[in-house]
There are 2 protein chains.
Amino acid sequence: MILPRLFLFVSFFSLALCNEQFNSHILPRPLILETTQLREVDHEVKLQCTSWRFGVEANNLNPWKTVPLECGEYVKDYMLGRAYRLDLERVSNEAGVYAKSLKLSGDGKDIWVFDIDETLLSHLPYYADHGYGLDIFDPMEFNKWVDKAIAPALEPSLKLYKEVMGLGFKVFLLTGRSERQRSVTEENLINAGFQNWDKLILRGSEDHGKLATIFKSDKRSEMVKEGYRILGNSGDQWSDLLGSFMSNRSFKLPNPMYYIP
Amino acid sequence: MILPRLFLFVSFFSLALCNEQFNSHILPRPLILETTQLREVDHEVKLQCTSWRFGVEANNLNPWKTVPLECGEYVKDYMLGRAYRLDLERVSNEAGVYAKSLKLSGDGKDIWVFDIDETLLSHLPYYADHGYGLDIFDPMEFNKWVDKAIAPALEPSLKLYKEVMGLGFKVFLLTGRSERQRSVTEENLINAGFQNWDKLILRGSEDHGKLATIFKSDKRSEMVKEGYRILGNSGDQWSDLLGSFMSNRSFKLPNPMYYIP
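Predicted, not measured: the structure shown is a model, and the values here were computed from it.

Novice: Can you explain the overall build of chain A? Please cite residues and give values.
Specialist: Assigned secondary structure in chain A consists of 10 helices and 5 strands. Looking at the 261 residues of chain A, the share that counts as buried comes to 53%. For chain A, the accessible surface area stands at approximately 12,200 Å², while carbon and sulfur atoms represent 57% of it.

As structure tokens, this is what we get:
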């Protein structure tokens, strides 16, 4: 464990030097790091990677292709630990509070839009085999996984899904998945506990090649033209939420593993 | 220090109970907490407050009035430590990379919009006397501080400001401050090193009472009508960035101390 940590320390150290004000007194360093020094390295990695994650979640860093090498362990720990779960619960709870605060019209035109991947369904089992975002995305491999239709539900999202449905919202699922994946998507959603959605909107042949932001804006535009009011929108990508015909309120689920423009 | 920590622990413990899966074996607790137990409390507080901060920066939590009591120390540590500075540098660097990637038209219509408070100027000295966001906002007290015109620059923002200006962007400053504060604002900006902006837009009498999102969207709409292209927008509040006539790219500076709708 010492060598990779030393490597990380050196990378961050150079980075910190570019910025300034690093504790210059800790150089020259001995080749064998002591416990307190390792703790310093850990602290520095955590600080830098937390800052990276904020950049991601606030949509300042884009586009990005893979998790930075030095943040691989950090992202893995985040995804597997309580922090990811806590963040998901917080988004779900906050969205629930907002949903309950609204007075619906009762004409069946009030809708909540959900993205699917990393919003309703979790691909963590897949990403566990692909470095939790460290590897370049492999669409062939990923589609094989999707075809298995075994992705589990994100439990806090399932809770919100049932909640908004109980309140009388219509639920529209808007996903970047292709029409070819309709049946496997339905199968997976039902297996994971999602039921009774009103529309499942996938990419048709005319939508291929469109950026997600454009595709999803186009689809939201159609909803609005049909008289629907988009009151809530949940997604793990900013491209689920931004663009035109945005929802009254949007809820950004955490996802430090990949980025879709 | 033990009593407040115990209080925090109890608060979070109840919170965790609502969620589930907390280590139930650590109850009943002795009245005197040991070092490892204090470490557990610290860890739990950090985890919860980091999650809260993500909720803030991703715009999931809104509106909010004050920093949660249990996160007071956490926010203070964040603001005074390297983490806030690192986050600011990351936003500034990323915005700079984006700015450099653009080919400007050269017709003087390419603009970068900056918010002022907690974007160009820091009110950290003021908030240090007001619990780093723990106290309810006091406009009278805050205006007294603003009138002193001594708020320091956020250095990474000053770097970006000079950079985009050097690239040929026109710089528009769009602030929720009132027209009455124009001269003191100019004085403060110049003292802090900001110069040569093209427009300083403040709230006129017709803008009072408008939500910041509306006021800023209205002003961006005017810019667009005048033929300007808003290529970049920097702000610490989502109300600086969202709404209509949004910038091609927006940069959200961190601010866990207050929220403006």
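Novice: Give me unusual backbone geometry: which residues, what numbers.
Specialist: Apart from glycine, the bulk of residues carry a negative phi angle, and the bulk of peptide bonds sit in the trans form. Residues and elements named next belong to chain A. A cis amide bond, omega -10°, links N62 with the succeeding residue P63. You can see P63 is positioned in the loop between α2 (35-57) and α3 (72-80). Backbone geometry places Y132, a non-glycine residue, at a positive phi of 50°. Mapped onto the secondary structure, Y132 falls in the loop between α5 (124-128) and α6 (139-148). For Y132, a relative accessible area of 10% corresponds to the buried category. Positive phi values are uncommon outside glycine, yet F245 reaches one of about 55°. Checked against the element boundaries, F245 lands in the loop between α10 (238-241) and β5 (249-252).

Novice: How would you sum up the pairing of strand β3 (residues 199-203) of chain B? Please name residues and give values.
Specialist: Residue and element names in this part refer to chain B. Of all 5 residues in β3, 4 are buried; the element is thus mostly enclosed. Sheet topology note: the strand β2 (residues 170-178)/β3 ladder contains 4 bridges and is parallel. Paired with L173 across the bridge in β3 is L200. Each parallel crossover has a hand, and for β2 linked through helix α8 (residues 182-191) to β3 it is right-handed.

Novice: Residue-level account of the environment of A:A58, with values.
Specialist: Within the element layout of this structure, A:A58 appears in the loop between α2 and α3. For A:A58, a relative accessible area of 4% gives the class buried. Once the C-alpha coordinates of A:A58 and A:K252 are considered, the two residues, 194 residues apart in sequence, prove to be 9.2 Å apart. Beyond its immediate chain neighbours, meaning those up to four positions away, A:A58 contacts A:W238, B:E57, B:W238 and B:K252.

Novice: So what about the side chain of B:K219? Which residues, and what values?
Specialist: Relative to the assigned elements, B:K219 resides in helix α9 (residues 212-225). Not counting residues within four places of it along the chain, the set of residues in contact with B:K219 comprises B:L174, B:I201, B:E206 and B:D207.

Novice: Talk me through the relation of the copies chain B and chain A; I want residue IDs and the actual numbers.
Specialist: Each copy superposes on the other: chain B lies on chain A with an RMSD of 0.0 Å after a rotation of 180° and an axial shift of 0.0 Å. Between the two chains, the operation in question is that of a two-fold axis. Closest approach to the rotation axis among the C-alpha atoms of chain B is made by B:A58, whose C-alpha sits 2.5 Å away. Counting the interface residues of chain B, we find that 100% of their copies in chain A are interface residues as well, pointing to one common contact surface.

Novice: Describe helix α2 (residues 35-57) of chain B, with residues and values.
Specialist: With 23 residues, α2(B) should reach 33 Å at 1.5 Å per residue; the first-to-last C-alpha distance of 32 Å fits that figure. B:N59 sits one or two residues past α2(B) and shows a positive phi near 65°.

Novice: I'd like a description of the pattern of salt bridges, backed by residues and values.
Specialist: All names here are of chain B. A full pass over the atoms with the stated rule returns 35 salt bridges over all chains. For K199, the salt bridge goes to E226, with nearest N and O atoms at 2.9 Å. Remark: E226 occurs in the loop between α9 and β4 (229-235) and K199 occurs in strand β3; sequence separation between them is 27 residues. Assessed through its relative accessible area of 28%, K199 is described here as partly exposed.

Novice: Summarise the sheet that holds β2(B); cite the residues concerned and give the values.
Specialist: Residues and elements named next belong to chain B. Pairing is parallel in the open sheet, where 5 strands are placed in the order β3-β2-β1-β4-β5. Looking at strand neighbours, the two that pair on one side only are β3 and β5 (249-252), the edges of this open sheet. Adjacent strand axes in the sheet meet at a mean angle of 20°, parallel and antiparallel pairs treated alike. Two elements, strand β1 (residues 110-114) and β2, share 4 bridges in a ladder whose sense is parallel. Looking at β2, one finds that F114 is bridged to L173. Helix-sheet contacts for α9 involve β1, β2, β3 and β4, and the interaxial angle to β2 is about 150°.

Novice: Can you lay out the sheet that holds strand β2 (residues 170-178) of chain A for me, pointing to particular residues and giving the numbers?
Specialist: Residues and elements named next belong to chain A. The sheet built from 5 strands is open, its strands ordered β3-β2-β1-β4-β5 with parallel pairing. What marks the edges here is a single partner per strand, and that holds for β3 (199-203) and β5. If you compare each strand with its neighbour and ignore which way they point, the axes differ by 20° on average. Sheet topology places strand β1 (residues 110-114) next to strand β4 (residues 229-235); 5 bridges connect them, and they run parallel. From the neighbouring strand, I111 faces β4, where its bridge partner is I230.

Novice: Requested: an account of the confidence of the model for chain A, with residues and values cited.
Specialist: Taken residue by residue, chain A gives an average pLDDT of 90. The fraction at 70 or more is 87%. In the model, residues 12-26 of chain A has pLDDT below 50 throughout and makes 19 contacts with residues more than four positions away in sequence or in other chains.

Novice: Explain the packing of aromatic side chains to me, and be specific about the residues and the numbers.
Specialist: What describes a pair of aromatic rings is the distance from one ring centre to the other and the angle between the planes of the rings. Following the criterion strictly, the structure yields 36 aromatic pairs over all chains and no others. Geometrically, the ring pair formed by B:W52 and B:W64 is edge-to-face, given 5.1 Å between the ring centres and 75° between the ring planes. With a gap of 12 residues between them, B:W52 in helix α2 and B:W64 in the loop between α2 and α3 (72-80) connect regions that are remote in the sequence. Across the pair, exposure class does not vary: B:W52 and B:W64 are buried alike. Put simply, the rings of A:Y98, A:W112, A:F114, A:Y161, A:F169, A:F194 and A:F251 touch in pairs and so form one group of aromatic residues. Above the plane of the ring of A:Y78 lies A:R53, whose end atom (NZ or CZ) is 3.9 Å from the centre. In this structure, B:K109 packs its charged tip against the face of B:Y228, placed 4.3 Å from the ring centre.

So, how was this worked out
- Residues numbered from 1 in each chain as written.
- Chains lettered and ligands numbered in written order.
- Predicted model: local features only at pLDDT ≥ 70, side-chain atom pairs only at ≥ 80, totals over all residues.
- Heavy atoms only, no water.
- Helix = DSSP H or I, 4+ residues; strand = E, 2+ residues; numbered from the N terminus.
- Buried < 20%, exposed > 50% of the residue type's maximum accessible area, 1.4 Å probe, protein only.
- Areas by Shrake-Rupley, 256 points an atom, 1.4 Å probe, with all protein chains shown as cover.
- Pairing = 2+ DSSP bridges.
- Right-handed = clockwise from strand over helix to strand, strands pointing away.
- Contact = heavy atoms within 4.5 Å.
- Least-squares fit on C-alpha atoms with pLDDT ≥ 70 in both.
- Expected span 1.5 Å × (residues − 1).
- Salt bridge = Lys/Arg side-chain N within 4 Å of Asp/Glu carboxyl O.
- Axes fitted to C-alpha atoms, helices over the stretch in contact; angles between N-to-C directions.
- pLDDT = per-residue confidence, 0-100.
- Phe/Tyr/Trp six-rings, centres within 6.5 Å; stacked < 30°, edge-to-face > 60°.
- Lys NZ or Arg CZ within 6 Å of the ring centre and 35° of its normal.

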